[in-house]
Amino acid sequence: TQLLEQSPQFLSIQEGENLTVYCNSSSVFSSLQWYRQEPGEGPVLLVTVVTGGEVKKLKRLTFQFGDARKDSSLHITAAQPGDTGLYLCAGYTGTASKLTFGTGTRLQVTL
Amino acid sequence: EADIYQTPRYLVIGTGKKITLECSQTMGHDKMYWYQQDPGMELHLIHYSYGVNSTEKGDLSSESTVSRIRTEHFPLTLESARPSHTSQYLCASSPQGAIGGYTFGSGTRLTVV
């Protein structure tokens, strides 16, 4: 059973459009992270959210942690081709000391 | 500048060969991980370690083995490579605790012919 489901699985948009990626679970997470992975490279950590309802911004990216700490969203404003990649959410649950990764969202931004 | 290094980046090898994928980190992290990933797909944890002489199997069954003799080094070995082992292998490390982010290497792209 996959603890972290991401939607959509694949998203193809044009430069300048806005988009939102969702990360959902039935489990409560003590913290949640978002990573971006470019083709041929390993994932890179973008942000960590810890508190329910927390919102963090990283330039054009806005991350939100759900109030119940079971879900999260990533919103990108005015997407650029450089945003292309695989976006992964990941969280720590209960007493687990290793991350559970989501199913991933592949984003393609074209000119 | 990478703090976690994987070699080789690309490897094409014949069926039945023994291979070792290298992973080293310079951050002093106790925790290290190996993931298998098909292009653009989700990560599958195959092995992890919480410190020297500690290794555990991950969620995805794998015919590979790992060792952790030194904190900084976590090699993965396939005794007899098969075409089904063709994939990308990612190594990662993280500090102690349950909040730290993972630092990933650039991966090894393995093709078994």
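Above this text sits the structure in question.
Residues numbered from 1 in each chain as written. Chains lettered and ligands numbered in written order. Predicted model: local features only at pLDDT ≥ 70, side-chain atom pairs only at ≥ 80, totals over all residues. Heavy atoms only, no water.

Quick look at the sheet that holds strand E6 (residues 55-58) of chain A now. All names here are of chain A. Spatial strand order, E1-E3-E8-E7-E6: five strands in an open sheet with antiparallel pairing. If you trace the sheet from one side to the other, it starts and ends with strand E1 (5-7) and E6, each paired once. Put simply, the sheet's adjacent strands are angled 15° from each other on average, direction ignored. Of the pairings in the sheet, the one linking strand E3 (residues 19-24) to strand E8 (residues 71-76) comprises six bridges and is antiparallel in character. (Pairing = 2+ DSSP bridges. Helix = DSSP H or I, 4+ residues; strand = E, 2+ residues; numbered from the N terminus. Axes fitted to C-alpha atoms, helices over the stretch in contact; angles between N-to-C directions.)

Now for the pattern of salt bridges. With the rule as written, the count across this model stands at six salt bridges over all chains. Here Arg9 of chain B makes a salt bridge to Glu41 of chain A, at a shortest N to O gap of 3.8 Å. Taken as a pair, Arg9 of chain B in the loop between strand E1 (4-7) and strand E2 (10-13) and Glu41 of chain A in the loop between strand E4 (29-37) and strand E5 (44-49) lie in two separate chains rather than in one. Residue classification places Arg9 of chain B among the partly exposed residues on the basis of a relative accessible area of 31%. (Salt bridge = Lys/Arg side-chain N within 4 Å of Asp/Glu carboxyl O. Buried < 20%, exposed > 50% of the residue type's maximum accessible area, 1.4 Å probe, protein only.)

A few words on the state of the cysteines. Under the criterion given, the structure shown has two disulfides over all chains. Disulfide pairing places Cys23 of chain A opposite Cys89 of chain A at an S-S distance of 2.1 Å. Between Cys23 of chain A and Cys89 of chain A, the disulfide has an S-S torsion of 80° and is therefore right-handed. You can see Cys23 of chain A sitting in strand E3 and its partner Cys89 of chain A sitting in strand E9 (residues 85-93), a full 66 residues away along the chain. The burial state of Cys23 of chain A is the same as that of Cys89 of chain A; both residues are buried. Disulfide partner of Cys23 of chain B: Cys91 of chain B, at an S-S distance of 1.9 Å. Of note, the bridge from Cys23 of chain B to Cys91 of chain B carries an S-S torsion of about -75° and is left-handed in sense. (Disulfide = S-S within 2.5 Å.)

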